[in-house]
Amino acid sequence: MDGLGRRLRASLRLKRGRGGSLQDNLRDAVKEPERAQEHCLPPFAGGQHFFEYLLVVSLKKKGSGADYEPTITYQFPKRENLLRGQQEEEERLLGAIPLFCFPDGNEWAPLTEYPRETFSFVLTNVDGSRKIGYCRRLLPAGRGPRLPKVYCIISCIGCFGLFSKILDEVEKRHQISMAVIYPFMQGLREAAFPAPGKTVTLKSFIPDSGTEFISLTRPLDSHLEHVDFSSLLRCLRFEQILQIFASAVLERRIIFLAEGLSTLSQCIHAAAALLYPFSWAHTYIPVVPERLLDTVCCPTPFMVGVQMRFQQQVMDSPMEEVLLVNLCEGTFLMSVGDEKDILPPKLQDDILDSLGQGTNEPQTSEQLNEHVSGPFVQFFVKTVGHYASHIKREANGQGHFQERAFYKALTSKANRRFVKKFVKTQLFSLFIQEAEKSRNPPAGYFQQKILEYEEQKKQKKSREKTVK
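Residues numbered from 1 in each chain as written. Predicted model: local features only at pLDDT ≥ 70, side-chain atom pairs only at ≥ 80, totals over all residues. Heavy atoms only, no water.

Novice: Describe the overall build of the chain, and please don't skip the residues or the numbers.
Specialist: Each helix and strand in the chain was counted, giving 14 helices and 16 strands. Taking all 468 residues of the chain together, the buried fraction comes to 53%. Long-range pairs, those at least 24 residues apart, make up 66% of the contacts in the chain between residues at least 6 apart in sequence. Carbon together with sulfur atoms contributes 48% to the accessible area of the chain, which is approximately 21,500 Å² in total. (Helix = DSSP H or I, 4+ residues; strand = E, 2+ residues; numbered from the N terminus. Buried < 20%, exposed > 50% of the residue type's maximum accessible area, 1.4 Å probe, protein only. Contact = heavy atoms within 4.5 Å. Areas by Shrake-Rupley, 256 points an atom, 1.4 Å probe, with all protein chains shown as cover.)

Novice: How would you summarise the environment of Asp341 if you had to cite specific residues and measurements?
Specialist: Checked against the element boundaries, Asp341 lands in the loop between strand 14 (331–334) and helix 9 (345–356). Separated by 95 residues in sequence, Asp341 and Ala246 have C-alpha atoms that sit 8.7 Å apart.

Novice: An account of the pairing of strand 9 (residues 210–217) is requested, with residue identities and associated values reported.
Specialist: With eight bridges joining them, strand 8 (residues 199–206) and strand 9 adopt antiparallel strand pairing. Paired with Val200 across the strands is Leu216, a residue of strand 9. Taking the residues that link successive antiparallel strands as the turn, the strand 8-strand 9 hairpin has three residues, and the phi of Asp208 there is positive, at about 70°. (Pairing = 2+ DSSP bridges.)

Novice: Could you give an account of the sheet that holds strand 13 (residues 322–326), naming the residues involved and the relevant values?
Specialist: The five strands lie next to each other as 11-12-10-13-14, forming an open sheet whose pairing is mixed. Strand pairing shows two members of the sheet lacking a second neighbour, strand 11 (283–285) and strand 14, which therefore form its edges. Strand after strand, the sheet turns through a mean of 25° between neighbouring axes, direction not considered. For strand 10 (residues 253–258) and strand 13, the ladder comprises five bridges, and the chain directions are parallel. Across the sheet, residue Ile255 finds its bridge partner in strand 13, namely Leu324. (Axes fitted to C-alpha atoms, helices over the stretch in contact; angles between N-to-C directions.)

Novice: Can you lay out the nonpolar core for me, pointing to particular residues and giving the numbers?
Specialist: One finds Ile97, Phe245, Ile255, Phe256 and Met303 to be the most contacted residues of the largest nonpolar core, which totals 107 residues. One finds Ile166, Ile181, Phe193 and Leu202 within the second-largest nonpolar core, a separate group that totals 28 residues. (Core = buried A, V, L, I, M, F, W, Y, C linked by side-chain atoms within 4.5 Å.)

Novice: An account of the confidence of the model for the chain is requested, with residue identities and associated values reported.
Specialist: Reading predicted coordinates in detail is not appropriate for stretches of low pLDDT. Averaged over every residue, the pLDDT of the chain is 82; residues scoring 70 or more account for 86%. The weakest mean pLDDT in the chain belongs to strand 2 (residues 35–36) at 28; the strongest belongs to helix 6 (residues 238–249) at 97. In this model residues 1–47 is a low-confidence stretch, pLDDT under 50, and it forms 145 contacts with partners more than four residues away in sequence or in other chains. (pLDDT = per-residue confidence, 0-100.)

Novice: So what's going on with the pattern of salt bridges? Which residues, and what values?
Specialist: Enumeration over the complete set of coordinates arrives at 16 salt bridges. When the shortest N-O distance is used, the salt bridge between Arg116 and Glu171 registers 2.6 Å. Linking Arg116 in the loop between helix 2 (84–101) and strand 5 (117–124) with Glu171 in helix 3 (residues 160–174), this pair joins segments that are 55 residues apart in sequence. When its relative accessible area of 47% is taken as the criterion, Arg116 is described as partly exposed. Owing to a relative accessible area of 12%, Glu171 belongs among the buried residues under this scheme. Linking Lys437 and Glu434 is a salt bridge whose minimum nitrogen-to-oxygen distance equals 3.6 Å. Of the two residues, Lys437 and Glu434 are both situated in helix 13 (residues 426–437); the distance of three residues between them amounts to about one turn of the helix. Since its relative accessible area comes to 55%, Lys437 is described here as exposed. Through salt bridges that share partners, Arg116, Arg136, Asp168 and Glu171 make up one connected network. (Salt bridge = Lys/Arg side-chain N within 4 Å of Asp/Glu carboxyl O.)

Dropping the structure here:
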């Protein structure tokens with residue numbers, strides 16, 4: 001079960017009526033991308049809930065051997081009276097999730113210490129709806145050696161900061177009793193998901209602490225609510241981030257290596273977010289499970305994260321035109337060699353200048369996201385922001401993109417050379433297909449920045465005329 005979403009491409013696609021092992025289905029699915037719709041709830045959901053499931057995934061011994069198998073040991077809510085097709089769909093979904101909660105294989109041993117990890121994965125349903133798994137892996141309370149478990153919230157809403165806070169609340173209650181988690185999650189499930197910039201407040205009772213009020217605020221700028229750039233900035237220099245962006249823009253193969261699941265997950269989401277307002281249109285797996293490591297041999301574009309323990313297996317795999325990023329050491333282990341020459345030189349300098357301004361000043365997470373994302377949005381404003389004026393419309397409103405006139409409108413030869421390549425990508429094709437269907441440009445953040453840029457150009461021309 002693998003698919004491609006308009007915003008993010010899934011690591012899985014739920015397949016109907018298909019035989020074979022889970023491993024075979026997963027491997028085949030990575031090679032069979034298909035478009036998906038964003039923010040669709042499955043048919044059996046009653047509304048825009050915060051989440052569909054809270055699951056606990058534990059490690060259970062496999063027979064008499066030393067290996068462990070991840071297994072769902074708790075599920076909320078339990079769904080009843082599902083139609084046959086819905087029940088089969090649920091079983092496929094729940095059957096695949098444990099693999100992504102423990103992507104690092106089956107060789108575990110009981111531990112006395114384990115640093116908690118927060119990470120995520122992305123799934124796409126057979127009907128095209130997208131689901132995100134928000135995970136918190138930790139050692140359960142107790143004494144002596146024990147095995148880690150994962151709290152996993154499945155939702156079709158992309159808002160990583162908000163769900164990280166929800167996982168904090170789940171973890172706090174898990175230390176008391178599983179019974180304390182249930183009323184909190186029930187209250188969350190009954191609450192309406194807030195609009196951008198709005199807050200929902202939940203009332204929750206905890207034994208020995210009394211009633212608590214928990215506020216969950218959704219970021220005002222919704223196009224960045226699914227990302228946190230801080231990990232990417234800790235691991236890499238601005239110049240390296242720019243080269244990753246250039247590789248992604250031309251839809252190449254990009255592999256991130258790191259020790260921690262949190263680092264991998266956050267960095268790959270951040271890299272994909274740099275493409276806004278465009279969406280990565282190919283295989284996208286924030287943390288590749290061990291069983292899917294041969295994904296890196298796929299001839300199609302992909303953006304994947306691999307744990308450092310599998311570095312040698314990745315290096316030994318037959319790969320072409322790959323950018324292999326070591327997040328632990330901040331280096332490129334493999335590259336095509338032309339990453340610095342893909343983007344127009346002046347626009348590269350503009351991005352680096354903007355990123356370098358005010359980096360030592362304290363910033364909130366939203367300010368940091370805007371600071372990092374802003375220069376890349378401006379790059380697209382300057383190169384393709386004039387797209388709407390080159391869509392010719394018929395009487396019925398259907399638009400037709402005038403590609404040649406579009407790139408010829410650019411006065412800079414360097415910009416024109418880049419755009420001639422970019423218009424051939426699926427990133428641009430999917431974007432322009434949506435624009436052709438719509439009579440008016442979407443009133444979103446990108447359109448706002450286009451209008452601001454055009455106004456600045458008008459003011460500049462007006463000043464130049466006044467001087468003359």
